[in-house]
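Take a look at the letters that make up each chain.
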Amino acid sequence: MRKGDHLDLECGGLDDQGAGLARVTGEDGAIPTLVHIPRVLPGEKAAAVVDHVSPHIRQGAREAWASLTTLGSPSPDRVTPACPAQASCGGCVLQHLAYPAQTEWKRAQVVDALGAAGLGAVPVGPCVPSPRPLGYRNQAKYVFGREPSGRLVLGAFVPRSHDVVDLEGCQVIEPPLDEVSRALRSLLDEAAVAPFVERTHTGLLRYVTLRANAEGQVLVTLVTNRRDWPGAVALAQALQDRCARVTGVVQNVNSSPGNVVFGPDEFVLAGEPTVVDAIGNCRVRLSSRSFFQVNRHVAALAYDAIRAAAAGLGNVGRVVDAYAGAGGIALSLGDLADEVIGIDENAAAIRDAEAGALAAGFSHLRFVTGDVAERLTEVAAADLVVLNPPRAGCAPGVIEAVGRMQPRLVAYLSCNPRSLARDLALLAANGVELGAARIVPFDMLPHTPHVETLCLVSSR
Ligand SMILES: C[S@@+](CC[C@H](N)C(=O)[O-])C[C@H]1O[C@@H](n2cnc3c(N)ncnc32)[C@H](O)[C@@H]1O
């Protein structure tokens, strides 16, 4: 198989990124090729043209990537995508798959990951759907750039390209975010603000992030290549005049190369640099760079499940909330425990968590800035350890520390089934009995291939 070849394929399943997968058998005993074709669903026949063939062989097969040219009869699970830019923005790769089929597929992803780690016996519950499959994201990140037509847009890079696709009308963000992004785009256009161009290191504005709270107030962060921007304050004030829901505009300066969004320095241009948001009954203060669960409705369900399991312990002495972010989980457990220690490496998030505890009147919550692996060694014992790491999962030292502490309950909330499965196997190797483990997938990010998984491990 070569780049440019035309293929007739039948899709047998989806890969872990949500693209269709078809197996092409090699002639005369040649090794088979697994072809990834975005936007094709299991059971569908498709004509496609090969874009890339990997030189590597994985698990006895070669891999190739192809683009759909013609689709045969559509799967009964195929639906019309809600978003105008779905085909090119690269975010919601599953929008053409009916929502119930998405959650079934996500549960299967978790089952497969556990099976591959030798944990096939751990039961996995049904995937909890998002109460809102659209309009659920409370944060939006835009690249500021020009469409090929030259029009300035707030958009996203088309995958594997430097072209920017307009995200106006995005259906997965909360509606106030789209309203603010439209107003901001017009103001940036009127002020002729130049997009930053990485290749030539020219221009000014790189990214825009918007964060909405449950009341629809919006914090705007303008990420620029340099501090110097004479029109910044006037633009921020004009945005507040046009959109009363904008409660703060912040300039973040990021002059580093690469695609990290935020730089270290921030300046308030108008209003407040934080918003107070809520997950269930728990109120959390958020600054531009603090991590916060993007789907407040699903996060509330996951937090409730952790809370119910904690309540089942009876008296709870100490809770450790590792990878605490702005303290959402720690705050939601505050009234159940004698002491809560939250740990996160992000100092801005820890300041937000401290402010949240103060506002809630909790003096028994303590937040520590630092690496979880290092800080956990300072904690002798805990009744409940919450782990909510980024996609890479926990460092081995974290799992070893949890094994040493032998808490009555471990609540591991994960955004990556593979690292979760790896860490659970390591927990078992460190003496944490998985026999009573309960696993519930949650659909935090409908239409994307991501699945959030909660694993509750209680000692019998
Ligand atoms: C998935 S978020 C957790 C957010 C929080 N539990 C919540 O519910 O909002 C992961 C967090 O881990 C933090 N983090 C990543 N690596 C870390 C490390 N090695 N040590 C401490 N914190 C880390 C990030 O700053 C981020 O806030």
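All values derive from a computational prediction rather than experimental measurement.

*Asks:* Any chance you could explain the domain arrangement of the protein chain here in plain terms?
*Replies:* By convention, interface size is frequently given as the accessible area that disappears when the constituent parts associate. Here the protein chain is partitioned into domain 1 (6–71), domain 2 (104–131 + 295–458) and domain 3 (139–279). For domain 2 and domain 3, the distance between their C-alpha centres works out to 32 Å. Across the boundary between the two partners, domain 2 contributes seven residues, which contact four residues of domain 3. Counting residues per element, the side of domain 2 that touches domain 3 draws most heavily on helix α5 (residues 296–311), at four residues. Residue classes in the side of domain 2 that touches domain 3 are distributed as three nonpolar, two polar and two charged.

*Asks:* Explain the nonpolar core to me, please; I cannot follow it from the model alone.
*Replies:* Looking at soluble globular proteins, one finds that nonpolar side chains tend to be buried together. Counting 142 residues, the largest nonpolar core has I37, V220, A322, V386, V410 and A411 as its most contacted members. Not counting residues within four places of it along the chain, the set of residues in contact with I37 comprises L9, C11, A19, G20, A22, A46, A48, A66 and L68.

*Asks:* What exactly am I supposed to notice about α5 here?
*Replies:* Because an α-helix completes one turn every 3.6 residues, residues spaced three or four positions apart along the sequence face the same direction. For α5, which comprises 16 residues, the first-to-last C-alpha distance of 22 Å matches the rise-based estimate of 22 Å (1.5 Å per residue) to within 8%. Within the sequence span of α5, burial applies to R296, V298, A299, L301, A302, Y303, I306 and A310.

*Asks:* In this structure, what is going on with the sheet that holds strand β4 (residues 33–37)? I would like to understand it.
*Replies:* Sheets are built from strands that pair by backbone hydrogen bonding, the pairs being arranged parallel or antiparallel. Taken in spatial order, the six strands line up as β1-β5-β6-β4-β3-β2 in an open sheet, and their pairing is mixed. Edge positions in the open sheet fall to β1 (6–10) and β2 (13–14), since each of these has one partner strand only. Bridge count for β4 against strand β6 (residues 61–71) is four bridges, and the pairing is parallel. Bridged to V35 within β6 is A64.

Cut-offs applied
- Residues numbered from 1 in each chain as written.
- Predicted model: local features only at pLDDT ≥ 70, side-chain atom pairs only at ≥ 80, totals over all residues.
- Domains from an automatic or database assignment.
- Contact = placed C-beta atoms within 7 Å.
- Helix = DSSP H or I, 4+ residues; strand = E, 2+ residues; numbered from the N terminus.
- Nonpolar A, V, L, I, M, F, W, Y, C, P; charged D, E, K, R; others polar.
- Core = buried A, V, L, I, M, F, W, Y, C linked by C-beta atoms within 7 Å.
- Buried ≥ 20, exposed ≤ 12 C-beta atoms within 10 Å, placed from the backbone.
- Expected span 1.5 Å × (residues − 1).
- Pairing = 2+ DSSP bridges.

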